[in-house]
Protein chains: 2
Amino acid sequence: MIQSVIIIGAGNLATQLAKALCAANIAIWQVYSRTIESASCLANKVGAEPVVDIAKLKPNADLYIFSVKDDALIPCLEKFPFSKSLIVHTAGSIPMSALGSYSEQYGVFYPLQTFSKTKDVDFLEIPICIEAKNDTIYNKLESLASLLTNDVRAVDSLQRQSLHLAAVFVCNFVNHMYQIGHQLMEQNRLSFDILRPLIYETANKIRTTTPKQAQTGPAVRYDQEVMQKQMQQLAKQENLQAIYQLISKDINETHKNNN
Amino acid sequence: MIQSVIIIGAGNLATQLAKALCAANIAIWQVYSRTIESASCLANKVGAEPVVDIAKLKPNADLYIFSVKDDALIPCLEKFPFSKSLIVHTAGSIPMSALGSYSEQYGVFYPLQTFSKTKDVDFLEIPICIEAKNDTIYNKLESLASLLTNDVRAVDSLQRQSLHLAAVFVCNFVNHMYQIGHQLMEQNRLSFDILRPLIYETANKIRTTTPKQAQTGPAVRYDQEVMQKQMQQLAKQENLQAIYQLISKDINETHKNNN
């Protein structure tokens, strides 16, 4: 059973995961980050010791969670001193095998959610995707994940990569559409608030219908008059025009092929 | 006071608006549509008479609501026989002035929401944007809208055009991102359900923060390794590659300019 954890990283995911583990009575021994400020900031929240040198990590924690930016993972692992300890990473796009050279015991612990340092999330319904070198490790990680969520899933490296890609579309790109909406409202001195009911209904609608069935608007109707007018409205914003045109075209093709 | 309404159109918006007005005890006298099937389908739901000929519309209704596809509006108006009756359209992108040649009394009644024929929506929090030729008409339309929602707003034609454009981004384009996520999950035999908590949190997150502050993911981190990997994953889907590249670039530029 996993009872003690050391967190390598203090970013958005590391922060929320550490806080959730702490709330589930898992002891967070240490938090590593490159700067003492960010290490302390998180360490203080979860009763851990901040460290800025990976060589100073305590031995014999039940689990070492590497939750750093993708390109920082290997440099961190290279300094990791305990080749028999259980290590996991939390990255969507990195295969589990990347850990194989650094410890005998490894796995992946990937919560599928968008995290911010300041906005706490309830882990209870967040899917936590687990992969492990063997069944013993899998069971340990599954037990730990079950303390946080009702939705623990076995997801291999290839599936996780696909999930992460889909997540970029339905989360990061969706949020950028909100950002563009925000920008257009500001330009026209309108309140973003007026768009909120539409935003929530758009997300809620697909609880009961597929995204394909849910689609509305000028592109799916192929309402050329509206589309041309809207392209003109974006006349001085070439990047938005390009996005408008490309997505409208793809909406139209998606629905043409299936009517 | 508006007590009797005739609906020209039987699409998504016409359907939900007619049902909401009917529920608010407004008499729907008739529903016009090009085919008797679609006219009857809606008319039956709201106790109205279905008609397929605009010349057969009854005179003296308090309000005639034109809720048809943009390019069908003018052809319908040209057949409209009552040049002294109050008429409105429900279109985001059409200026109010388009109605001026067809009646002495006119305005716009634009509910900002995504509607489907089959999924009923609660109008209570939907912004209804009103514009009118004069104050008397404005007050009539405002009173009617107030029966349906707590959020009635005066929005002129230019503002409404901007709102509609922003709505395309935060609703139609967002929904297309869901559709792409759905497609990627299907291709990899994963359940779309696993993305749901992420989708709802992405919409909810901006209740308490701006979309700019809410952004996460490889593009805002400028994590080139992940972005290159994900472009490769989309290798055989050129349209998705183009969307991935364009939006990632725009996310990056948006955040670069403001850091």
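Residues numbered from 1 in each chain as written. Chains lettered and ligands numbered in written order. Predicted model: local features only at pLDDT ≥ 70, side-chain atom pairs only at ≥ 80, totals over all residues. Heavy atoms only, no water.

1. Comments concerning the sheet that holds strand S5 (residues 86-89) of chain B
All names here are of chain B.
- Strand order across the open sheet formed by 8 strands is S3-S2-S1-S4-S5-S6-S7-S8, with mixed pairing between neighbours. At either end of the open sheet lies a strand with only one pairing partner, and these are strand S3 (49-51) and strand S8 (152-154). This sheet shows a mean twist of 25° between the axes of neighbouring strands, independent of strand direction.
- Pairing geometry for strand S6 (residues 105-111) and strand S7 (residues 128-132), over 5 bridges, is antiparallel. Along S7, the bridge assignment pairs Phe-109 with Ile-130.
- Relative to S7, helix H4 (residues 135-148) is tilted by about 165°, and along the sheet it contacts strand S4 (63-66), S5, S6, S7 and S8. (Pairing = 2+ DSSP bridges. Helix = DSSP H or I, 4+ residues; strand = E, 2+ residues; numbered from the N terminus. Axes fitted to C-alpha atoms, helices over the stretch in contact; angles between N-to-C directions. Contact = heavy atoms within 4.5 Å.)

2. Thoughts on the interface of chain A and chain B
- Residue-level contacts link 86 residues of chain A with 85 residues of chain B.
- Both faces considered, chain A and chain B share a buried interface measuring about 8900 Å² in area, 65% of it formed by carbon and sulfur atoms.
- Of all residues in chain A, Phe-169, Val-170 and Ile-194 of chain A bury the most surface against chain B, accounting for 8% of the area lost on that side.
- Inspection of the chain A/chain B interface yields 2 salt bridges.
- In this structure, the salt-bridge partner of Glu-201 of chain B is Lys-119 of chain A, at a minimum N-O distance of 3.0 Å. (Buried area = accessible area lost by both parts, 1.4 Å probe. Salt bridge = Lys/Arg side-chain N within 4 Å of Asp/Glu carboxyl O.)

3. Brief notes about unusual backbone geometry
All names here are of chain A.
- Backbone geometry at Asn-60 places phi at a positive 70°, although glycine is not the residue there.
- With respect to the element layout, Asn-60 can be found in the loop between strand S3 (49-51) and strand S4 (63-66).
- When its relative accessible area of 62% is taken as the criterion, Asn-60 is described as exposed.
- Residue Arg-189 is not a glycine yet carries a positive backbone phi of 55°.
- On the secondary structure map, Arg-189 appears in the loop between helix H5 (157-187) and helix H6 (196-205).
- Of the residues examined, Arg-189 reaches a relative accessible area of 80% and is grouped as exposed. (Buried < 20%, exposed > 50% of the residue type's maximum accessible area, 1.4 Å probe, protein only.)

4. Re the sheet that holds strand S7 (residues 128-132) of chain A
All names here are of chain A.
- What the 8 strands build is an open sheet, ordered S3-S2-S1-S4-S5-S6-S7-S8; its pairing is mixed. Every other strand in the sheet has two partners, leaving S3 and strand S8 (152-154) as the edge strands with one partner each. Strand-to-strand twist of the sheet, defined as the mean angle between neighbouring strand axes without regard to direction, takes the value 25°.
- The sheet contact formed by S7 and S8 spans 3 bridges and is parallel. Counted as the bridge partner of Ile-130 is Ala-154 from S8.
- Contacts between helix H1 (residues 12-23) and the sheet are confined to strand S1 (4-8), strand S2 (27-32), S4 and strand S6 (105-111), with S1 contributing the most and set at about 165° to the helix.

5. Notes on the packing of aromatic side chains
- Taken as a whole, this structure holds 16 aromatic pairs over all chains when the rule is applied.
- Both rings, one in Phe-66 of chain A and one in Phe-80 of chain A, keep their centres 5.3 Å apart while their planes meet at 80°; by these two values the pair is edge-to-face. Here the residue Phe-66 of chain A occupies a position in strand S4, and Phe-80 of chain A occupies one in the loop between helix H3 (70-79) and strand S5 (86-89), the gap between them amounting to 14 residues. Neither Phe-66 of chain A nor Phe-80 of chain A differs from the other in exposure class; each is buried.
- Measuring from centroid to centroid gives 5.0 Å for Phe-169 of chain B and Phe-173 of chain B, while their planes differ by 75°, and the two rings are edge-to-face. Of the two residues, Phe-169 of chain B and Phe-173 of chain B are both situated in helix H5 (residues 157-187); the distance of 4 residues between them amounts to about one turn of the helix. For the pair Phe-169 of chain B and Phe-173 of chain B, a shared accessibility class is recorded, and that class is buried.
- Positioned above the aromatic ring of Tyr-200 of chain B, the side-chain terminus of Arg-207 of chain A is 3.7 Å from the ring centre. (Phe/Tyr/Trp six-rings, centres within 6.5 Å; stacked < 30°, edge-to-face > 60°. Lys NZ or Arg CZ within 6 Å of the ring centre and 35° of its normal.)

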